[in-house]
Amino acid sequence: MEAKPIVTSHGNQSLFSSLHKPLLEDLPKEPAEWRRSYGRPARNVQLEASFVPYDDDILPDDSVKTLVSRLYFHIFWTDCDLETYKQKIKEEINDWCAALKAKNIPDWLIVVFNSDENKGKTKLLPRSSVYDKIKSDFCSKTPDRIVVLEPLNGDSKSVSLWNQFLSRLRTLLLQAFTRHLQKYEDNMRALREERNKVGWNFQEYFIVQEELAFMFEMLGLFDDALIQYDELDALFTQFILNHASGRLREIETEYRTNKIVKEELNQLILRQLTSKKSIQLESVPWLRSLTEACKVWAGVSLHKPITWEKRDQIKDNKVTLLEFRNYLFSRQCAILLLLKRPGEIIQRAIDYLHETVQEMKTLDIEITEGGLDCWVYLSGLEVLLKCENMTDSVNPRAQALNTAYLWDYVCRKLEKLGELCGLMPGDSSSPSSDQLSLVIDLTSGMGLEIPNEHEEDTSKNSPRDKLREALSSRESFQRIYLEQSELAMGTFKYIGRFRSARMIGKNLADFYMKLGEPQKAENFLLDAMTSYHQEGWEKLRDEARLELAQCQYQVADHYKYVKTACQVASSCSLQVEDRTFHISEVLNIARTKAAAHILLKAPPLLKIEVTDMSTSKVTVDEQFYITMVIDNTGPCDIPCDSIWLTLTDCTPDLITGIDKRLHNLKTPVTRQTSNSSLDNRHVMNLKRMKKQVPSAIDLCLHFEGSPNEPVSTGIACINSHEVLKRNDSSGGMLKPVDDKVTKDTYNQSVCLKDVMLKPGKNTLEIICEGITSGNYRPGQAGVKIGHVELLKDMSSDLSILVTCDETFCEIFPESLIAGTVQEVTVCLHAGNIPIDPGSKVNIMPSDDISIETCYPDNTVILQKEVARGNTTEWKMKILQEPDIFGGKAIDNKIAFDCSWLPRPLLTTVTLRNPFCVTHRLHTAREMKYLQVLVHGQCETQFVLKNWSLVADTSKDVDLVGMNKPGTQQKVNIDQSCSFMWQLKSNIEQLPPLDLTFTSNYYCIMQEANEQRQLQYHFSLTEFQTLFTVKVEVTSNGENKVCRTGTLSTLKIHILQMPVSKPLSDQDLMYEVSGQSNWSMHGKSSSVFSIAGGSYSSSFQVMPLVAGFIPLPRVKLYKYDGAKTVDDMLVKEESERNVLDSTDEESSDSDQVSEHIEFNQGQVYYSSLGKQVHVYPEEVKGEVEVSIV
């Protein structure tokens, strides 16, 4: 509504015209607080007004019962001077006030405008202004009824007066509203209290309370306006319920007590029974028009905020129930649109449609068949089209849910209309003449839609045209029905209401089946079965399965049809005839020659279990029995071509101690779902579905590294790919996954031929023979019926061990020692294969080992037969040379080539290495000493004698032995021996040496004490002493005593040996390391060159601990300066050393620094074993001593 409160304007109209525009603009800028009576909450109102010229004839009196068109306020405008006021204006104001007082109107205001001219005239007499005169003449008791204004020239005074005027006008307007509204509400309340009296009319009361709603809407209080319509709706509904229930009880009471009424009612009932009409009594007169036969079922129209024609018909009591409900609901929707609540409109529309249909049935109003369905369709579609582009900001999800429900309701009504008018698919004949006549009647009852001239023409998309188009032909009906059904189903899916979406899909499946398109109906039926199955509705699931079987049969998909038919045959909730028919269909398809090979899961038609095995261990040539129980859930016998069972390898789980503790913990953390008790495998065509969150989180032990140096340990989730998987990227949780049935192809299987499975449990015993060796458990069971195979993966705990003892050789004793001849016993085990006499065994050792037997060519000829499971033995000698550079054990293989076996038998022989040999070079200034050490590695004792060390390549070096000659040395795991030689040379520069250490040895455990020779070759290069390094530490104090925490001086003396070549052009570098005993104060490394054959340096150090501590360690290096990377790599490659690390940050330059260590023996550190006595720091005062 565009109505505004009306205010009259009297007096100087030219003055009012100049102030009219700013008054209209400034009045609604600031809200005014409206305080109402009866403790109602205050509201902020933005007032607007419509100004009309004053006239005595339009003044209302107390008899006028309107609110919207009432004159609420009256203003008198004047800008005269004092003389004009006395001569003319005073009389006009007097007449104006008298007219208002005569009509009992107290709501008025006088505005005095002081122009610049009037100010000059009244400057000498300020107390005799026009404002004062008017105030004393007319407003002495009501001073708030007069205001003064000045020209709006922008100064602060004029603006302040203007704002005071606006505030006063708002206050007085609200007071006027309150006064009129209080009277109006009192009259309305009194009228409502008379509703039980005879002659009371609801339509009249409706117009009265709607007038109140108009006023609230005019003031912008849309919530209060909506409350008025809600009260009218509730009151009308209560009248309908009272009329339907209470009046019948009154009639029953009068019928029992009053004989005259009883006779009249008997005659009335008799007449109406003969005319086949329901009883209608005029208990409420104003219901007469509402209960008349309904000939128009036009839906609600939301194009206009108010339909004045319908309101006039309500005044005249000439509307039907549908028309009245349409008008009332359209007014509620108009206010809700102003409040921007489209979600509430849709929610109210659902209740409005259902309640109106129920009221039509309650009042037993006559209407053409299908007319009420047309009205529901038109009204619902009108609401949906109106709100389709609006979103509720408070609760958009609720709006989407209600929209989906409304679309579903509209589609069901359209489907019912299609059935009435013969437009549903499946009927080959055209609609009958009665159905065509019904279409014409329904179309004419929809009414005509007259578009508003101020709105766009939307007739092409109007609900009337949509319904007319749907009823015009069968093709149009099918197209519109499918469009709207898909829209409703998509809306349900969008908000996650998949159950409701699948119910609509079930209706669409029936529609497509009638339409002759079963391929489109299949997915909808599968979704419906999913919904029924998850809810535990087995009866509905099985009934939907019957429809699915018929659908797949029409599609001619044998694979899916056989799966569904097997499921139908196993269902106990279906009729026996249906189950028998479908199992016979399965058998017919399986026996058809042209049918393809079909693999299916056996459950639930056949439930297969392995219950027993005759034994747990057999040999390869023994028979054993497996007992199977097959439960045939079908209604009749099933002839089977074969029943087979595969045997799979069974490897026992290896669980460590930690894994056992983890395995024995509590059950995994589970998330119980609402349908977790159901089993999806009972829906054969419905493949296993991806869950949003798995029901169990599988945990395992996570450990990296070695037991001594662990890297990480913890608990890991095995199925993290399922727990953390995104649902939106995989199509949602309702998308079925591929669950193909595969047949195992194992070599080990057993089978039964031509078996008849009776209904119920069938116990079968299968004979197993010819199984190769291994540990087996039941793998997969299968039942073959023609081209159909029903498979079941077994999960039995039963297992059987099939053993086959193969031929193998053993050598005793197992503990052998290299370096000495030992006699061993070879034991040949026949296993399950007997050995004939005269069989040959050729012994073939590896290259590093030698053997000796009493047989020629090391070929053993067996003289006697070796029965299965028995053994035969012979003796053999073994010799393995010791590996003085190797580890503690030597592994070798001996092959026994048996003439009766296809391949040789390999036996591993492990011999312990008796000893290993190492050498060390020792330096004492220019003197060199060479030490050879022989380390024992076994418990057996060996004796060394006649040792020697020979320089093979140089005759200028003499090796002087330091050990006593002719003695014997004993070696075992607890005892080693050492040999020392001094190197003497008759030349200054020591040449490179190739040395050979030789010694005889024998084992004391050997009877003959046969001696064998041990040789150890090694070489020495660049080992002559070049430099001597001497280190000294002296105290800086007077007493020359080193103390902790006190600086001392470290002196380094480096002397070049005279026999070495001068190194004046070679830079050297030293590094000092104090470890944890010394703290360096200064450069701990330095580069220098030898000048004059010696070099000295010193810097400050500080001892950190007291006692006899070793001197700081000094290390001498060769310093090559800056060398290219390529030169370094070439040098490293020549020396066969790997470059440990490179500086990544210096990759921009090809220059690197390098210091190279001297070879062993080239630098003699004379102070390496020296120590210095460091005294503790002197402590004055008390000393606290703690003994731990």
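Parameters and conventions
- Residues numbered from 1 in each chain as written.
- Predicted model: local features only at pLDDT ≥ 70, side-chain atom pairs only at ≥ 80, totals over all residues.
- Heavy atoms only, no water.
- Helix = DSSP H or I, 4+ residues; strand = E, 2+ residues; numbered from the N terminus.
- Contact = heavy atoms within 4.5 Å.
- Areas by Shrake-Rupley, 256 points an atom, 1.4 Å probe, with all protein chains shown as cover.
- pLDDT = per-residue confidence, 0-100.
- Phe/Tyr/Trp six-rings, centres within 6.5 Å; stacked < 30°, edge-to-face > 60°.
- Buried < 20%, exposed > 50% of the residue type's maximum accessible area, 1.4 Å probe, protein only.
- Axes fitted to C-alpha atoms, helices over the stretch in contact; angles between N-to-C directions.
- Parallel < 35°, antiparallel > 145°, perpendicular 65-115°, else oblique.
- Left-handed = near helix turned anticlockwise from the far one by under 90°.
- Nonpolar A, V, L, I, M, F, W, Y, C, P; charged D, E, K, R; others polar.
- Core = buried A, V, L, I, M, F, W, Y, C linked by side-chain atoms within 4.5 Å.
- Pairing = 2+ DSSP bridges.
- Patch = residues over 30% accessible without salt bridge, like charges linked within 9 Å, V, L, I, M, F, W, Y side chains within 5 Å.
- Salt bridge = Lys/Arg side-chain N within 4 Å of Asp/Glu carboxyl O.
- Lys, Arg positive; Asp, Glu negative; His and termini not counted.
- Charge placed at Lys NZ, Arg CZ, Asp CG, Glu CD.
- Expected span 1.5 Å × (residues − 1).
- Arc of directions from axis to C-beta.
- Polar contact = N/O pair within 3.5 Å; in protein donor to acceptor, adjacent residues only side chain to side chain.

## Considerations on the overall build of the protein
- Tallying secondary structure elements over the protein gives 24 helices and 48 strands in all.
- Residue pairs at least 24 apart in sequence account for 72% of intrachain contacts in the protein once pairs closer than 6 positions are excluded.
- Accessible area for the protein stands at about 65,200 Å²; split by element, carbon and sulfur atoms hold 49% of it.

## Quick look at the confidence of the model for the protein
- With 84% of its residues at a pLDDT of at least 70, the protein reaches an overall mean of 82.
- Mean pLDDT in the protein bottoms out at helix H22 (residues 657-663), which sits at 38, and peaks at helix H12 (residues 371-387), which reaches 94.
- Considering only residues more than four positions removed or in separate chains, one finds that residues 269-282, a stretch of pLDDT under 50, has 13 contacts.
- Predicted confidence for residues 726-738 stays below pLDDT 50, and this span has 19 contacts to residues more than four positions away or in other chains.

## Section: the packing of aromatic side chains
- Applying the stated criterion across every chain, the model contains 41 aromatic pairs.
- Taking the centre distance of 5.6 Å and the plane angle of 45° together, the rings of Trp162 and Phe165 count as tilted. Of this pair, Trp162 and Phe165 both sit in helix H5 (residues 156-193), 3 residues apart, which is roughly one turn of the helix. As far as the burial class goes, Trp162 and Phe165 line up, both buried.
- With centroids separated by 4.0 Å and ring planes inclined at 10°, the aromatic side chains of Phe1088 and Tyr1095 adopt a geometry described as stacked. Both residues of the pair, Phe1088 and Tyr1095, count as buried.
- The rings of Trp200, Phe202, Tyr205, Phe206, Phe236, Phe239, Trp286, Phe324 and Tyr327 are connected pair by pair, giving a single aromatic cluster.

## Notes on the packing of H5 against helix H6 (residues 202-218)
- In the contact formed by H5 and H6, the axes pass within 10 Å of each other and the chain directions differ by 155°. As summarised for this structure, H5 and H6 are arranged roughly antiparallel, according to the angle between their axes. Judged by the twist between their axes, the crossing of H5 over H6 is left-handed. Residues Phe177, Leu181, Tyr184, Glu185, Met188, Leu191 and Arg192 of H5 form the contact with H6, whose participating residues are Tyr205, Ile207, Val208, Gln209, Glu211, Leu212, Met215 and Phe216.
- Taken together, the residues of the contact of H5 with H6 sort by class into 11 nonpolar, 1 polar and 3 charged.

## Side note on the nonpolar core
- Ranked by size, the top nonpolar core spans 137 residues in total, and within it Trp77 and Phe165 carry the most contacts.
- For this core, the element with the highest residue contribution is H5, accounting for 11 residues.
- Residues within four places of Trp77 in sequence aside, it is in contact with Ser9, His10, Gly11, Asn12, Leu15, Phe16, Leu19, Leu23, Val111, Leu149 and Phe165.
- If you look at the next biggest cluster of nonpolar residues, it comprises 45 residues, including Ile630, Ile766, Ile785 and Ile800.

## Structural notes on the pairing of strand E14 (residues 710-717)
- Counting buried residues in E14 gives 0 out of 8 residues, a small share hidden from the surface.
- The pairing of strand E13 (residues 699-705) with E14 spans 7 bridges and is antiparallel. Its bridge partner being in E14, Leu699 is matched across the sheet by Cys717.

## Description of the environment of Pro882
- Mapped onto the elements of the fold, Pro882 is located in the loop between strand E26 (871-880) and strand E27 (889-898).
- The exposure class of Pro882 is buried, given its relative accessible area of 17%.
- Along the chain, Pro882 and Ile817 lie 65 residues apart, while their C-alpha atoms are 8.6 Å from each other.
- Setting aside anything within four residues of it in sequence, one finds Pro882 in contact with Ala818, Gly819, Asn913, Pro914, Phe915 and Tyr1001.

## Remarks on a negative patch on the surface
- On the surface, Asp55, Asp56, Asp57, Glu91 and Asp95 cluster together to form a negatively charged patch.
- Mapping Asp57 onto the fold places it in the loop between strand E4 (50-53) and strand E5 (71-78).
- Assessed through its relative accessible area of 70%, Asp57 is described here as exposed.

## Points about the sheet that holds strand E22 (residues 822-829)
- The strand order E20-E22-E26-E24 describes an open sheet built from 4 strands, whose pairing is antiparallel. Only two strands of the sheet have a single neighbouring strand rather than two, namely strand E20 (808-812) and strand E24 (849-852). The average undirected angle you get between the axes of adjacent strands in this sheet is 35°.
- The pairing of E22 with E26 spans 8 bridges and is classified as antiparallel. In the sheet register, Cys827 faces E26, and the bridge partner there is Glu873.

## Focus on helix H14 (residues 433-445)
- Taking 1.5 Å of rise per residue, 13 residues should cover 18 Å, and H14 covers 18 Å from first to last C-alpha, within 8% of that figure.
- Taken as a whole, H14 has its buried residues at Leu438, Val439, Leu442 and Gly445. With its buried residues spanning 135° around the axis, H14 presents them on a single face. When the buried face of H14 is taken as reference, the exposed residues oriented beyond 90 degrees from it are Ser433, Ile440 and Ser444.
- Where the residues of H14 are buried, they touch H12, helix H13 (396-420) and helix H15 (463-472).
- The first or second residue beyond H14 is Gly447, which carries a positive phi of 80°.

## Section: unusual backbone geometry
- Residue Pro603 is joined to Pro604 through a cis peptide bond whose omega torsion reads 0°.
- With respect to the helices and strands, the residue Pro604 is situated in the loop between strand E8 (598-601) and strand E9 (606-613).
- Along the chain, Phe812 connects to Pro813 via a cis peptide bond; the corresponding omega equals -5°.
- The phi angle at Arg925 is positive, at roughly 55°, despite the residue not being glycine.
- By the element assignment, Arg925 lies in the loop between strand E29 (915-924) and strand E30 (927-936).
- In this structure, Gln1075 is a non-glycine residue whose phi angle is positive, near 55°.
- With respect to the secondary-structure elements, Gln1075 resides in the loop between strand E40 (1067-1073) and strand E41 (1078-1081).
- The exposure class of Gln1075 is exposed, given its relative accessible area of 61%.

## What about the sheet that holds strand E7 (residues 146-149)?
- Ordered by their spatial adjacency, 5 strands build an open sheet running E4-E1-E5-E6-E7, and the pairing between neighbours is parallel. Of all strands in the sheet, those with a lone pairing partner are E4 and E7, marking the two edges. Looking at each pair of strands side by side, their axes are set apart by 30° on average, direction ignored.
- Against the sheet, helix H1 (residues 13-26) touches strand E1 (6-11), E4, E5, strand E6 (108-113) and E7, its axis set at about 125° to E5.
- Each of E1, E5 and E6 touches helix H2 (residues 82-102); the most contacted strand, E5, lies at about 170° to it.

## A few points about the environment of Thr1025
- Of note, Thr1025 is situated in the loop between strand E36 (1012-1020) and strand E37 (1027-1035).
- Classification of Thr1025 by relative accessible area gives buried; the value is 2%.
- When the C-alpha atoms of Thr1025 and Leu990 are compared, they prove to be 9.6 Å apart, with 35 residues separating the residues in sequence.
- Looking at Thr1025, its side chain comes within polar contact range of the main-chain oxygen of Gly1161, at 3.4 Å.

## Concerning the pattern of salt bridges
- Summed over the entire model, instances satisfying the criterion amount to 39 salt bridges.
- Between Glu344 and Arg341 there is a salt bridge; the shortest N-O distance is 3.4 Å.
- Via salt bridges that share partners, Glu210, Glu211, Glu217, Arg311 and Arg331 belong to a single interconnected network.

## A word on the packing of helix H17 (residues 498-515) against helix H18 (residues 518-535)
- Their axes nearest at 8 Å, the elements H17 and H18 cross at an angle of 145°. Our pair here, H17 against H18, has a crossing hand that is left-handed. Here Arg499, Arg502, Met503, Gly505, Lys506, Leu508, Ala509, Tyr512 and Met513 of H17 lie close against H18, whose contacting residues are Pro518, Lys520, Ala521, Phe524, Leu525, Asp527, Ala528, Thr530, Ser531, Tyr532, Gln534 and Glu535.
- Classifying every residue of the contact of H17 with H18 by side-chain character gives 11 nonpolar, 4 polar and 6 charged.

## A word on the side chain of Arg464
- Relative to the helices and strands, Arg464 resides in helix H15.
- Arg464 sits in the buried class, given a relative accessible area of 13%.
- Within the structure, the side chain of Arg464 is placed 2.9 Å from the backbone oxygen of Met446, a separation counted as a polar contact.

## What to know about a nonpolar patch on the surface
- On the surface, Ile697, Leu699 and Ile715 cluster together into a nonpolar patch covering about 270 Å² of accessible area.
- Turning to its location among the elements, Leu699 is positioned in strand E13.
- Leu699 gets classed as partly exposed once you look at its relative accessible area, which sits at 48%.

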